[in-house]
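In case you want the letters, here they are:
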Amino acid sequence: MRVDDPAYGAGSTDVRLATGLSKRETEVMDLIATGHSNGEIAQRLFLSEKTVKNHVNRIYAKLGADCRGTAIGLWRSLTPGLTPGQEQI
């Protein structure tokens, strides 16, 4: 499924609106919250690791987080039921 597919993110629209994240940033944050490294995210989404790092930095800024752990905690509070190893796609 592509990130611009209308079916993508149907359940995460409210979270995207609340956080101001783009569809791609939401997809990256879902993967971060489920324990994936930047390298794993890059491989899975067919991106360079530098692009993933850029997404991560924008996510931190939009969530007001200073580190991965804080971002994950905030994300999990906004997406109840999301557990490690389970993407919200």
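Note that the structure is a prediction, hence the values are computed from the model and not measured. (Residues numbered from 1 in each chain as written. Predicted model: local features only at pLDDT ≥ 70, side-chain atom pairs only at ≥ 80, totals over all residues. Heavy atoms only, no water.)

What follows concerns the nonpolar core. Among the nonpolar cores identified, the biggest contains 19 residues, and Val28, Met29, Ile32 and Ile41 are the most heavily contacted of them. At the level of elements, helix H2 (23-33), helix H3 (38-45), helix H4 (49-63) and helix H5 (68-78) are the ones that each hand at least two residues to this core. Apart from the residues lying within four places of it in its own chain, the contact partners of Ile41 are Val28, Leu31, Ile32, His36, Val52 and Arg68. (Core = buried A, V, L, I, M, F, W, Y, C linked by side-chain atoms within 4.5 Å. Buried < 20%, exposed > 50% of the residue type's maximum accessible area, 1.4 Å probe, protein only. Helix = DSSP H or I, 4+ residues; strand = E, 2+ residues; numbered from the N terminus. Contact = heavy atoms within 4.5 Å.)

What follows concerns the side chain of His55. Relative to the helices and strands, His55 is located in helix H4. Contacts of His55, omitting those with residues within four sequence positions, involve Arg24, Glu25, Val28 and Leu47.

Okay, the packing of H2 against H5 next. Remark: H2 packs on H5, axes separated minimally by 9 Å, with the N-to-C direction vectors making an angle of 105°. Between H2 and H5, the angle falls in the class roughly perpendicular. Of H5, the residues touching H2 (which contributes Thr26, Met29, Asp30, Ile32 and Ala33) are Arg68, Ala71, Ile72, Trp75 and Arg76. (Axes fitted to C-alpha atoms, helices over the stretch in contact; angles between N-to-C directions. Parallel < 35°, antiparallel > 145°, perpendicular 65-115°, else oblique.)

With that settled, the discussion passes to the pattern of salt bridges. When the charged atoms of two side chains lie near each other, side chains of opposite charge can form a pair. If you walk through the whole model with that rule in mind, you get 3 salt bridges. The salt bridge partner of Glu27 is Arg24, with a shortest N-O separation of 2.8 Å. Here Glu27 and its partner Arg24 are both found in helix H2, 3 residues apart, which amounts to about one turn of the helix. For Glu27, a relative accessible area of 7% corresponds to the buried category. With a shortest N-O distance of 3.2 Å, Arg58 and Glu25 are connected by a salt bridge. Taken together, the residues span a long stretch of sequence, with Arg58 in helix H4 and Glu25 in helix H2 at a distance of 33 residues. Assessed through its relative accessible area of 3%, Glu25 is described here as buried. A network of salt bridges, in which partner residues are shared, links Glu25, Arg58 and Lys62. (Salt bridge = Lys/Arg side-chain N within 4 Å of Asp/Glu carboxyl O.)

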